[in-house]
Amino acid sequence: MPVSLKVSDTAKRKLQRPTYRFGQNTAYMISLAWRRRRSLVLLGLTMTVVSILLSLTQLFIVPSIISAVEAKVSVAELTVIIFMFTAALMILGAAKAYLTSCSQFGRIEVRLMIGAMIQNKSLTMSYPDIEDQDVQKKMDKASMLVNSNTASTEAIWTTLSNLLKNVTEFIIYISLLATLDPFMIIAVVVTTLVSFLVSNYLNGWGYRHRDEESEYSRRMNYLSEKSRDYTLAKDIRIFGMVDWIEEVYNSILCLYRSFIAHRERIYIWGNIVDIILTFMRNAIVYFFLIGSVIGGKMSAAEFVLYFNIVNVFTSGIGSIMSDFATLRKQSLDISAVREFLDYPESFKMEEGTPITPDFKILYQIELKDVSFCYPKSEKNTLSHINLTIRPGEKLAVVGLNGAGKSTLIKLMCGFLDPTEGKVLLNNVDIRTYNRRDYYKLFSAVFQDFSVLDVTIAENITQTDENINTELMERCINQAGLTEKIAGLPNGVETHIGRVFADGINLSGGELQRLMLARALYKNAPILILDEPTSALDPIAESDIYNKYNELIDGRMAVYISHRLASTRFCDRIILIAEGCIDEEGTHDELIARNGHYADLFEIQSRYYREGGVDDEKE
Amino acid sequence: MKKSKTSVSFRETVRLTLRGCKVWWKENPRLLLSILMCGVVDALTPYVGIWLLARLIDEIAGERNSQTLMAYALALMITTAVLSMCSAGLTRWKNVQLESLWHTQNKVFMEKLLSMDFVDVDDGRVQELRSQIWQNTDSGGWGLYKLVYSFDAIIKSVISIIGAIMLSASLFLLPVKPESGKLTILNHPIFILLIVVLMLGVIFAAPWFSVKAGSYWVKCADENQLGNRLFGFWLGSLGNDRLKALDVRIYRQDILSKSNLAKYNPFIPSSKLAKASRRGMGIYHAMSGAVSQIFVGVAFIFVCLKALGGAFGVGSIVQYVSAITALSAGLSKLIEIIGDLGNNTSFLRTVFELLDVPNKMSHGDTTVNQNSSEKQKIEFRNVSFRYPGQDKYALRNVSLTFNEGQRLSVVGMNGSGKTTFIKLLCRLYDPTEGEILLNGIDIREYDYAEYMRLFSVVFQDFKLLSFELGQNIAGSMDYDSDKVSCCLRDAGFGVRQDKLPSGLSTKLYKDFDERGVNISSGEAQKIALARALYKDAPFIILDEPTAALDPIAEFEVYSEMNKIIGEKSAVFISHRLSSCRFCNDIAVFHEGNLVQLGSHDVLVNDKSGMYYKLWSAQAQYYETEGLN
């Protein structure tokens, strides 16, 4: 049975010492907005002014009218006074509504801009950081802070303009109350402050326990998402998992409600304190105001005026305090965003040597005594690898799952830096290059590829301008997709995925061909193929294998595969076992050696030999 | 999916709104109750204060008796405190219900999706509906959410209106004193009518403007939805998917991302909606804001003139003005809510379109007799199948008999209908034409759950949940540990199992537990196989069961396969024709047709057949190499 998901105390203490203070964050947001959408700031200021004028008008209207009635003015005069106030209210009310309507878009735009900045960071940051749990958490957190209208990156504007308005009004009200007894004013301020601070502290409980809350939410959201997953839907029905899923969800929902109930029971103490203090404050205010009235120093109209002012003054203090509290929370959120955006790069991105692929140069990659150990791991994934890949060589990398093949590829391509040793490109340590430039040297088809919800043409060329149509069509042809694309209503301009209404889904095999076309279009000097035919049927697979010599075309190619059959067109094969290069040579040499490679090959070929199945040894 | 912008009838609004409320009521009756009670208290509280304050001011303007003044002040203080306390208690209670609104709503849809026929879950239309409902909720709470907040607002407005009427009734009844000369005309009942008419006019005008303004959002819904989907993909799926990180960097996808986002952003100042906000929509909002003030002005004039005429004291001015403005605000709000509910109806339609998806797969009630001495036999008779919304047939005229204890291998090129075949076999879909029979009876007549129990399937795109290993294997909260262990061992997971930190309670993946384990795709495949074994069903179906395994692991699995499957019946789909060697029969599919059926030895010798083509395409790499 699931238990309540309390976060440990040490984890709690690690919560927030913000890297950026709220003054800095406010300045940051304003300068962002100023650069991108100046009107946001200007509209905000205008709205604040309008709101203040509106409040003041509303404050004075009733007392002025009462004073007029008490003074028994003429009907005409009274009508004029009322008319003027009404006109002011109308104009200001209209202005406020209009400005509110306009300003929303600038705010959304800035929030989305921040979202794009976050996404850009996650798409371009140094690869080892992506695997870092810490960075992942920062990224997840930052992403959540841009995905709705109530997120801090948008809501902060409302808070700032409220704060500005309330502070200005506070100053105005203080000056209006200057004539009254200072003790009353102090009492009002003190009771309001105390009440606020107590409530605020209590209300902070939810914030302090937000990790526990998010654990519940995350699990429920996970299950809700899973229920939409149509690939999982099959498993759910076959294995009768519906009851399990619903049971888990309901029990978490129950726990969640208990958590919230507990929270509210704490919050209500804030209400109680507030009610008591309000009672005291009202007593003091009435005492003073009525005292003045009885002493003949105040008319009914003045009583109403000062009574109103005291009320708005009180709520104004409360608003200022709560605005600051909100601002602080929002500032923490902005801080989280900035922490992610400013996360330092492990690789040289712009300060290194630039490099562009040049087909006149012959590229050679050398791994010199390279060892690699993942950050949280005790054992080296790769140890003392010495490998030189000659220009134009076709190299196959084989080995069992977990042997280190992917790690080797990542080191070669510059996604990871070795823990010991160096990776050299034409005898220069790749760490000296601008990493993004270095990636230009590689075309790859990885196992987990990224198909974008854009047109087929854009997926192949990875750009939406200056497309070399001839090259693209040639690549489509080489990958075997011409017929499929010709059969689509919009041809290469057809969208893939769900973003666009005309988006289609390609089958697994078709996607692999698309990725191959993409790799070909990039036309980089080094080609990396990681299990490129795993989703293809035997005939299609054979088709592609037959093309590889052609497709590779003198480039350096590194090829990972389980299917030992496919390695035969390579110049050299290396077998990785236990983090080292176990065996190395051409296919024929390795078979002749009768070692591990020969064993693996024998096992795979077993089923294809006549009568092979029956003579198993174990 | 274009939503028709047809106007919504009042009846439909009422019907769908009530239905929506029933949904909430069923999930959590306390939700609506707490809103009701809290709303009543909150709405009435200000009136008590207004009334007492008015009396206080009257006294100040009049006698200034200190006893009376203190009495009123005390009354004000005490009632404020008491009512605040009630409100606080009820609000806290209400918050508990409101806080879980999002998850409660998700639960409703989750339950529906889980209980739907598979054919509907797989249908793009249903996915689209679910996605739209989510977007609608996200961008303004349209749909079921709105109902909750509308209910809250309606209660408050209605009570507020009642309270306001009670406090302002006397405005019209108290007469102007005869001494005030001309002002006595104000006593004429026509003024009541005038005020009421004006109030109604303004009350209808203001929300009307609001609703007109709101309708711009509906007009721009398509662009906004595109924008939402766009941002959902680029900022959501792409940015967060760590698996794609390598690809993204090699191809500099950040460049295409920037340009795409700039092109289709619906929120920049030149977009349709933003322009509307500066023009049409903005003006409607402005008018809405202005128009309500007119009424306030007129109300003031009427009240003050009457006061000038001595009908009542100065304190009452405050009371009547507050009451009338509250009345106007309440009525405005009520009209606005009704308009909102009207706008909400089209979103509710989407909600109920999803919730009303019928379970069309006829559920018979014949029990599946598993203990009969007769062998179980499944027969496909001229089965054809077409996916919903597609023109092309995925299967054509397939006839095949499959006996208990038999091993069948299903092969063919991509798209030949292999996976469709097994989906029909385990009744995830019903055939478009033809029938499938179990022991001579059409499978549609069997009890669905019982029929499902006959099959254990490992699909190519199987999924595991980020919960305990044991639970994943059993598909339920509780499980038989010994049996789970045994199945894992049979599936080849034994070695890894011993290394797990918490044994069978270890969570898979690190989503919810730092101590969870990341499993490779090969390990996942073994777990999925163990899951199929645990179910212990008479028919096992394996779709590419060793695709992610290396040669040694694959060899181990197939070696054990005989033993694991034992007496059961098995169907294999595999690209690696190696699995065909130990099946009795091989079914070869091509473009939806069953083109060949027979044993390996027979088929491989038919050099004109599809099987031979597939086989030699793979075997060619191994044929010329024997072992030395």
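Note: the structure precedes this text.
For clarity, every value in this text was computed on a predicted model and none was experimentally measured.

1. Details of the overall build of chain A
Turning to step 1, where the next piece is worked out: Helix and strand content of chain A: 21 helices and ten strands.
Turning to step 2, where the next piece is worked out: Radius of gyration (C-alpha) of chain A: 35 Å, far over the 25 Å computed for a compact globule of 618 residues.
Turning to step 3, where the next piece is worked out: Considered along the principal axes of its C-alpha atoms, chain A spans approximately 115 × 55 × 50 Å.
Turning to step 4, where the next piece is worked out: Going through the 618 residues of chain A one by one, you find that 56% of them count as buried.
Turning to step 5, where the next piece is worked out: Total accessible area on chain A is roughly 26600 Å²; 56% of this is exposed by carbon and sulfur atoms.

2. Side note on the sheet that holds strand β5 (residues 441-442) of chain B
Residue and element names in this part refer to chain B.
Turning to step 1, where the next piece is worked out: Spatially, β2-β1-β4-β5 is the arrangement adopted by the four strands of the open sheet, whose pairing is antiparallel. Among the strands making up the open sheet, the edge pair consists of β2 (395-403) and β5.
Turning to step 2, where the next piece is worked out: Both strand β1 (residues 377-385) and strand β4 (residues 433-438) contribute to a ladder of five bridges, which runs antiparallel. Of the residues in β4, the one forming a bridge with E379 is L437.
Turning to step 3, where the next piece is worked out: Each of β1, β2 and β4 touches helix α15 (residues 418-425); the most contacted strand, β1, lies at about 125° to it.

3. What about the sheet that holds strand β4 (residues 420-425) of chain A?
Paired through backbone hydrogen bonds, the strands of a sheet run either parallel or antiparallel to each other.
All names here are of chain A.
Turning to step 1, where the next piece is worked out: Across the sheet, which stays open at both edges, the four strands sit in the order β2-β1-β4-β5 with antiparallel pairing between neighbours. Of all strands in the sheet, those with a lone pairing partner are β2 (382-389) and β5 (428-429), marking the two edges.
Turning to step 2, where the next piece is worked out: As paired strands, β4 and β5 are joined by two bridges and run antiparallel to one another. Note on β5: the bridge partner recorded for L425 is V428.

4. A word on the interface of chain B and chain A
Turning to step 1, where the next piece is worked out: Taken residue by residue, the interface counts 159 residues in chain B and 166 residues in chain A.
Turning to step 2, where the next piece is worked out: Taken over both partners, the interface formed by chain B and chain A buries close to 15700 Å², and the fraction arising from carbon and sulfur atoms is 66%.
Turning to step 3, where the next piece is worked out: Linking chain B to chain A there are eight salt bridges.
Turning to step 4, where the next piece is worked out: As a salt-bridge pair, K263 of chain B and E458 of chain A come within 4.0 Å of each other at their nearest N and O atoms.

5. Describing the packing of helix α4 (residues 75-124) of chain A against helix α9 (residues 221-240) of chain B
A pair of packed helices can be characterised by two numbers: the angle between their axes and the separation between those axes.
Turning to step 1, where the next piece is worked out: Between α4 of chain A and α9 of chain B, whose axes approach to 10 Å, the crossing angle comes to 35°. Along this stretch, α4 of chain A crosses α9 of chain B, giving a crossing that reads as left-handed. Along its contact with α4 of chain A, which presents L112, G115, A116, Q119, S122 and L123 of chain A, the element α9 of chain B presents F231, W234, L235, L238 and G239 of chain B.
Turning to step 2, where the next piece is worked out: A class-by-class count of the residues in the contact of α4 of chain A with α9 of chain B yields seven nonpolar, four polar and no charged.

6. With respect to helix α13 (residues 280-308) of chain B
Turning to step 1, where the next piece is worked out: Its 29 residues give α13 of chain B an end-to-end C-alpha distance of 43 Å, which sits within 8% of 42 Å, the value for a rise of 1.5 Å per residue.
Turning to step 2, where the next piece is worked out: Two residues or fewer past α13 of chain B, G310 of chain B is found with a positive phi of approximately 80°.

7. Let's talk about the packing of helix α2 (residues 22-36) of chain A against helix α7 (residues 152-177) of chain A
Residue and element names in this part refer to chain A.
Turning to step 1, where the next piece is worked out: Contact pair α2 / α7: the axes reach a minimum separation of 11 Å and the direction vectors enclose 105°. Regarding the angle of α2 to α7, the classification is roughly perpendicular. Here α2 contributes T26, M29, I30 and A33 to the contact with α7, which in turn contributes T153, I156, W157 and L160.
Turning to step 2, where the next piece is worked out: Across the contact of α2 with α7, the residue classes break down as six nonpolar, two polar and no charged.

8. Comments concerning unusual backbone geometry
Turning to step 1, where the next piece is worked out: Non-glycine residue N427 of chain A carries a positive phi angle of around 70°.
Turning to step 2, where the next piece is worked out: Among the secondary structure elements, N427 of chain A is positioned in the loop between β4 and β5.

9. Topic: a nonpolar patch on the surface
Residue and element names in this part refer to chain B.
Turning to step 1, where the next piece is worked out: Taken together, the side chains of W25, L33, L36, M37 and W93 present a nonpolar region at the surface, about 440 Å² in accessible area.
Turning to step 2, where the next piece is worked out: Top contributing element to the nonpolar patch by residue count: helix α2 (residues 29-61), with three residues.
Turning to step 3, where the next piece is worked out: Following the sequence through the fold, M37 ends up in helix α2.

10. Regarding the side chain of D254 of chain B
Turning to step 1, where the next piece is worked out: As for its placement among the helices and strands, D254 of chain B is situated in helix α11 (residues 253-264).
Turning to step 2, where the next piece is worked out: The contacts of D254 of chain B, once residues within four sequence positions are left out, are N120, L123 and T124 of chain A.

11. Thoughts on the environment of S288 of chain B
Residues and elements named next belong to chain B.
Turning to step 1, where the next piece is worked out: Note that S288 resides in helix α13.
Turning to step 2, where the next piece is worked out: Using a relative accessible area of 12% as the deciding quantity, one classes S288 as buried.
Turning to step 3, where the next piece is worked out: Residues within four places of S288 in sequence aside, it is in contact with A206, F209 and S210.

12. Points about the packing of aromatic side chains
Turning to step 1, where the next piece is worked out: Using the criterion set out here, one finds 35 aromatic pairs over all chains in the structure.
Turning to step 2, where the next piece is worked out: With 5.8 Å between their ring centres and 55° between their planes, Y216 of chain A and F259 of chain A make a pair best called tilted. Here the residue Y216 of chain A occupies a position in helix α9 (residues 210-228), and F259 of chain A occupies one in helix α11 (residues 242-294), the gap between them amounting to 43 residues.
Turning to step 3, where the next piece is worked out: Residue classification places Y216 of chain A among the buried residues on the basis of a relative accessible area of 1%.
Turning to step 4, where the next piece is worked out: With a centroid separation of 5.3 Å and 45° between ring planes, the pair formed by F421 of chain B and F589 of chain B is classed as tilted. With F421 of chain B in helix α15 and F589 of chain B in strand β9 (residues 585-590), this pair connects stretches of sequence that are 168 residues apart.

13. Examining the nonpolar core
Turning to step 1, where the next piece is worked out: With 136 residues, the main nonpolar core has F380 and F455 of chain B as its most contacted residues.
Turning to step 2, where the next piece is worked out: With twelve residues, α11 of chain A is the single largest residue contributor to this core.
Turning to step 3, where the next piece is worked out: For F455 of chain B, the residues in contact, after removing those within four places along its chain, are I238 of chain A together with I378, L425, C426, K535, A537, F539 and I541 of chain B.
Turning to step 4, where the next piece is worked out: Membership of the second largest hydrophobic core comes to 114 residues, among which are I118, F442, I560 and I574 of chain A.

14. Description of α11 of chain A
Turning to step 1, where the next piece is worked out: Taking 1.5 Å per residue, 53 residues should reach 78 Å; α11 of chain A reaches 74 Å between its end C-alpha atoms and fits that length.
Turning to step 2, where the next piece is worked out: At the exit of α11 of chain A stands G296 of chain A, carrying a positive phi of roughly 80°.

15. Observations concerning the pairing of strand β8 (residues 556-560) of chain A
Residue and element names in this part refer to chain A.
Turning to step 1, where the next piece is worked out: The element β8 is extensively covered by neighbouring structure, given that five of its five residues are classed as buried.
Turning to step 2, where the next piece is worked out: Side chains M556, V558 and I560 of β8 all project onto a buried face; the interleaved residues A557 and Y559 project onto the opposite face, where all are buried too.
Turning to step 3, where the next piece is worked out: With four bridges connecting them, strand β3 (residues 394-399) and β8 associate as parallel partners. The partner of K394 across the bridge, within β8, is A557.

16. Comments concerning the state of the cysteines
All names here are of chain B.
Turning to step 1, where the next piece is worked out: Throughout the structure, instances matching the rule amount to zero disulfides over all chains.
Turning to step 2, where the next piece is worked out: With no disulfide partner, C86 has as its closest neighbouring cysteine sulfur the one in C38, 10 Å distant.
Turning to step 3, where the next piece is worked out: With no disulfide partner, C486 has as its closest neighbouring cysteine sulfur the one in C487, 5.8 Å distant.
Turning to step 4, where the next piece is worked out: By relative accessible area, C486 is classed as partly exposed at 44%.

Parameters and conventions
- Residues numbered from 1 in each chain as written.
- Chains lettered and ligands numbered in written order.
- Predicted model: local features only at pLDDT ≥ 70, side-chain atom pairs only at ≥ 80, totals over all residues.
- Heavy atoms only, no water.
- Helix = DSSP H or I, 4+ residues; strand = E, 2+ residues; numbered from the N terminus.
- Rg over C-alpha atoms; globule rule 2.2 N^0.38 Å.
- Buried < 20%, exposed > 50% of the residue type's maximum accessible area, 1.4 Å probe, protein only.
- Areas by Shrake-Rupley, 256 points an atom, 1.4 Å probe, with all protein chains shown as cover.
- Pairing = 2+ DSSP bridges.
- Contact = heavy atoms within 4.5 Å.
- Axes fitted to C-alpha atoms, helices over the stretch in contact; angles between N-to-C directions.
- Buried area = accessible area lost by both parts, 1.4 Å probe.
- Salt bridge = Lys/Arg side-chain N within 4 Å of Asp/Glu carboxyl O.
- Left-handed = near helix turned anticlockwise from the far one by under 90°.
- Nonpolar A, V, L, I, M, F, W, Y, C, P; charged D, E, K, R; others polar.
- Expected span 1.5 Å × (residues − 1).
- Parallel < 35°, antiparallel > 145°, perpendicular 65-115°, else oblique.
- Patch = residues over 30% accessible without salt bridge, like charges linked within 9 Å, V, L, I, M, F, W, Y side chains within 5 Å.
- Phe/Tyr/Trp six-rings, centres within 6.5 Å; stacked < 30°, edge-to-face > 60°.
- Core = buried A, V, L, I, M, F, W, Y, C linked by side-chain atoms within 4.5 Å.
- Disulfide = S-S within 2.5 Å.

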